[in-house]
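Single-letter residue listing:
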Amino acid sequence: MSSRDVILGRVRRALDGPIGAPTTYDTDITRTYRQEHGSRTTVQTVDLLAENLADYRALVHRCSAADLTDTVTRLLDEHGTRSVVAPPGLPKDWLSGTGATRVADGQDGTPAELDQVDSVVTGCAVAVAETGTIVLDGSPDQGRRRITLVPDHHVIVVRVPDQVVSSVPQALERLDPARPLTWISGPSATSDIELDRVEGVHGPRTLEVILVSGD
C-alpha cells in the first residue's frame, strides 16, 4: 500500500466513507452536494443570468424569436460590421437581414485572415445564471473554438428558458466532457499588477448576448 493510499484511507474514515479505494466513482463517491443556491422561478433564474452577464460587462439584449433577425441585424449594424463569421449550423435566417459579408467557418482560413473579420454570431450549449457564464461545445451552431476567440465582436444567442440553468453542477449534467468546451464569462479581459483592466487580449473585446424567448 502506498503512502497515497494510506492518506486517502484516513480521509475516507474521517468522512465515514468507504475505507478502500472506490470501485467506481459513479457509485462509491457521495454526490449529495447542493445543486443550486436558493430557490428561484424560471423568470428569476433568467433575470439572474442577465444581471450577472451585465456585471461581467457583457451587453445583454432581450427579444422574442420573431424579432431575433432584426436584433442581430441591429447589433451588427451598430458595431459597424462589414464581415461576420458564422458556424455551418447557424440558422440562416439569423443573418438574413444583414448586409455584412458572411465568412464560412472553414479549415483553410488562417488566424490572420480570421483576425480581419469584424464579428462572429453563434448559438450556445448552456448558460449558467449563478455565474453569468455561457458554455459553447462546438456544436454546428457554435462552430470551432477559434472563431469565437479571434474576432473582436461576439454575438451569442441564448434560448430562454431552455438553455438556462441555475448552477454549474446543473450545466455539467447537460454537457459532454469529450466535447471542446469553452466557458465564457464576459468579454476577454486581463489586468496587470496595477489592476489596469485591458479587454480583448485573448478573446472578443465586445460580448453581446441575446436572450431570445419563444419558438
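Below you will find a few notes about this structure. No experiment lies behind these values; they were computed from the predicted model shown. (Residues numbered from 1 in each chain as written. Predicted model: local features only at pLDDT ≥ 70, side-chain atom pairs only at ≥ 80, totals over all residues. Heavy atoms only, no water.)

Thoughts on the sheet that holds strand S2 (residues 83-86)
Strand pairing in a sheet relies on backbone hydrogen bonds. The paired strands run either parallel or antiparallel. One open sheet accounts for six strands, arranged S1-S12-S7-S4-S2-S3; its pairing is parallel. Edge positions in the sheet fall to strand S1 (59-64) and strand S3 (101-104), since each has one partner strand and no second. Direction aside, the axes of adjacent strands within the sheet are offset by 25° on average. Along the sheet, helix H3 (residues 42-55) makes contact with S1, strand S7 (153-160) and strand S12 (206-213), crossing S1 at roughly 145°. (Pairing = 2+ DSSP bridges. Helix = DSSP H or I, 4+ residues; strand = E, 2+ residues; numbered from the N terminus. Axes fitted to C-alpha atoms, helices over the stretch in contact; angles between N-to-C directions. Contact = heavy atoms within 4.5 Å.)

So, the side chain of Thr-182
By secondary structure assignment, the location of Thr-182 is in strand S9 (residues 182-184). Take Thr-182: its relative accessible area is 12%, and that puts it in the buried class. Of the polar contacts made by the side chain of Thr-182, one reaches the side chain of Arg-145; its length is 2.8 Å. Beyond its immediate stretch of four places on either side in the chain, Thr-182 contacts Ile-134, Val-135, Leu-136 and Arg-145. (Buried < 20%, exposed > 50% of the residue type's maximum accessible area, 1.4 Å probe, protein only. Polar contact = N/O pair within 3.5 Å; in protein donor to acceptor, adjacent residues only side chain to side chain.)

Description of the sheet that holds strand S8 (residues 164-165)
Ordered in space as S8-S5-S6-S9, the four strands form an open sheet in which the pairing is mixed. On the outer flanks of this sheet lie S8 and S9, each paired with one strand and no other. The sheet contact formed by strand S5 (residues 126-128) and strand S6 (residues 133-136) spans three bridges and is antiparallel. Within the sheet, the bridge partner assigned to Val-126 lies in S6 and is Val-135.

Shape descriptors only; they carry no functional weight alone.
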